[in-house]
Amino acid sequence: MQYGYADKKHEEFPPMVIVSIVNICNLKCQHCFWPKLASMEGYRGNMMSWEHWKKVIDEMSYHTYSVLNLGTDGEPLMHTDFIKMLRYAKSQNIFPINMTTNGILLKGQILETIINEELIDTINVSLDAFTTNTFVKIRGGKGSTFSKIKENVINAYKLKTRYKKKIKIMVNIIDQPLARSELKDFQDYWNGKVDLVITRKYYTATAETGGTGPDITGDQDFQKTDRWPCTLFWRRITITDDGGIQYCIDDWLHKSRLGHLDQNSIKDIWTSKTYNKLREYHLKGQQHKNPYCADCTEWQGMTWDFDYFVAMEKMIGKQLL
Ligand SMILES: C[S@@+](CC[C@H](N)C(=O)[O-])C[C@H]1O[C@@H](n2cnc3c(N)ncnc32)[C@H](O)[C@@H]1O
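Structural notes, computed from the coordinates. (Residues numbered from 1 in each chain as written. Predicted model: local features only at pLDDT ≥ 70, side-chain atom pairs only at ≥ 80, totals over all residues.)

1. Examining the overall build of the protein chain
Helix and strand counts for the protein chain stand at 13 helices and nine strands. Here the C-alpha radius of gyration of the protein chain, 19 Å, is about what a compact globule of 321 residues would show, namely 20 Å. Considering only C-alpha atoms, the protein chain reaches an extent of 50 × 45 × 40 Å along its principal axes. Taking all 321 residues of the protein chain together, 40% fall into the buried category. Residue pairs at least 24 apart in sequence account for 74% of intrachain contacts in the protein chain once pairs closer than 6 positions are excluded. (Helix = DSSP H or I, 4+ residues; strand = E, 2+ residues; numbered from the N terminus. Rg over C-alpha atoms; globule rule 2.2 N^0.38 Å. Buried ≥ 20, exposed ≤ 12 C-beta atoms within 10 Å, placed from the backbone. Contact = placed C-beta atoms within 7 Å.)

2. A word on unusual backbone geometry
A negative phi angle characterises most non-glycine residues, just as the trans form characterises most peptide bonds. The omega angle of the peptide bond from Phe95 to Pro96 is -10°, so this bond is cis rather than trans. Unusually for a residue other than glycine, Asp128 sits at a positive phi of about 65°. Here Asp128 lies in the loop between β4 (122-126) and α5 (132-139). Unlike most non-glycine residues, Lys164 shows phi in positive territory, near 55°. Note that Lys164 resides in the loop between α6 (143-162) and β5 (168-174).

3. Quick look at the pairing of strand β1 (residues 16-19)
Every regular strand shows the same layout, with side chains that alternate between the two sheet faces. Covered by surrounding structure in β1 are Met16 and Ile18 together with Val17 and Val19, the residues of both alternating faces. Relative to strand β2 (residues 67-70), β1 runs parallel, the two sharing four bridges. Along β2, the bridge assignment pairs Met16 with Val67. Taken together, the four bridges between β1 and strand β7 (residues 236-239) define a ladder with parallel strand orientation. Residue pairing across strands places Met16 opposite Arg236, the latter belonging to β7. (Pairing = 2+ DSSP bridges.)

4. Focus on the sheet that holds strand β8 (residues 244-246)
Reading across the sheet, the nine strands line up as β6-β5-β4-β3-β2-β1-β7-β8-β9 and stay open at both edges, with mixed pairing between neighbours. Sheet topology places β6 (196-200) and β9 (257-260) at the edges, where each strand pairs with a single neighbour. Looking at each pair of strands side by side, their axes are set apart by 25° on average, direction ignored. As defined by bridge partners, strand β3 (residues 97-101) adjoins β4 across four bridges and the pair is classed as parallel. Bridge pairing links Thr100 to Asn124 in β4. (Axes fitted to C-alpha atoms, helices over the stretch in contact; angles between N-to-C directions.)

5. Re the site of the ligand
Taken together, 18 residues lie near the ligand, and Cys32, Glu75, Asn102, Ser126 and Tyr203 sit nearest. Among the secondary structure elements, those contributing two or more residues to the shell around the ligand are β3 and β5. Class assignment of the residues belonging to the shell around the ligand gives a composition of seven nonpolar, eight polar and three charged. (Near = placed C-beta within 6 Å. Nonpolar A, V, L, I, M, F, W, Y, C, P; charged D, E, K, R; others polar.)

6. A look at the nonpolar core
The biggest cluster of nonpolar side chains holds 72 residues, and the ones touching the most others in it are Val17, Val19, Leu68 and Ile120. The element contributing the most residues to this core is β5, with five residues. Setting aside chain neighbours within four positions, we find Val19 in contact with Val56, Leu68, Leu70 and Ile239. (Core = buried A, V, L, I, M, F, W, Y, C linked by C-beta atoms within 7 Å.)

7. Observations regarding the environment of Pro14
If you trace the backbone, Pro14 turns up in the segment before β1. For the pair Pro14 and Phe233, spaced 219 residues apart in sequence, the C-alpha to C-alpha distance is 8.9 Å. Discounting residues that sit within four places of it in the chain, Pro14 has contacts with Ser66, Arg235, Arg236, Ile237 and Trp270.

8. Some points on helix α2 (residues 50-60)
Because each turn of an α-helix spans 3.6 residues, side chains separated by three or four positions in sequence point in the same direction. By the burial criterion, the buried members of α2 are His52, Trp53, Val56, Ile57 and Met60. Relative to the axis of α2, the buried residues are bounded by an arc of 130° and lie together on one face. Seen from the open side of α2, the exposed residues pointing more than 90 degrees away from its buried face are Trp50, Glu51 and Asp58. Among the structural elements, β1, β2, α3 (82-91) and β7 are those in contact with the buried residues of α2. (Arc of directions from axis to C-beta.)

9. A look at α3
Of the positions making up α3, those classed as buried are Phe82, Met85, Leu86 and Ala89. For α3, the arc enclosing every buried residue in end-on projection is 95°, short of the 170-degree limit, so these residues lie on one face. Residues of α3 that are exposed and point more than 90 degrees away from the buried face comprise Lys84 and Ser91. Once α3 finishes, Asn93 follows within two positions and takes phi at roughly 60°, a positive value.

These values are about where atoms sit, not about what they do.
Written out as structure tokens, the structure reads:
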């Protein structure tokens, strides 16, 4: 396997920029670090400022191959300027734009506007369950919330089909112990109702929790010595709601922060000596030299032959890496 940049142009700018536009959420999923974060001392709910958003979009507009991905630390549809922000991104020709959402607010005027104006190219709804019982256990919402979310997904698909819009809709489930017996039913049920159905790997957010060992799911047989370089260093950068720039998507406590939009461009950080040093550690099998990476197990979910790019490429029919 050849590790590193998929294309020379990525040396200069990441092929995917993940932007966490909020750190607030309207669900408490049992697999997610957010509920813990929200109960920590010093936690303050926040929405990304217009200045930071504009900075990201303006810089991305010079790197037309880069994918904008909204998700991570909260529920993006909770940002009160969501439509204004997406209109600006589209006015700067950012393509493709993905949003990962829990689907609760994917309805009414917001949905109409997103679809009518094609403000997003791929919408990924995290359902994480086939049965209501499992949804309630995993996503911490009510049974009636699950029915409404499913209705929202079906309705979004119908609307975009009726308006002949290119937007693609996918649903996802995490392969975790509570949902494992439902993965097939989930696939069978949603196939044909949306554009793509995906199963995602389960992460343990070990960087925060201290880790539970190298085996995430209990049925994999990885040893630490099998560790490959983390794909994130060559494929994605993460911008947090407060303007921080960090290398790890799963870093809720911002320990992997290397800069800030107030002082740095994304390119500054991506091409920095520190970033390159961390890349070198990973390529040499010396991940332990970076304390943040040392105890991580998430790298197992970040495989070089399959990641989020593949799902997006399938949907929009364009090579992205
Ligand atoms: C943190 S959420 C934020 C976006 C939105 N609120 C949602 O629910 O999709 C982004 C994605 O990360 C997933 N996620 C969170 N914790 C995870 C974990 N431990 N393992 C795998 N995926 C996880 C969520 O299920 C969701 O699909």
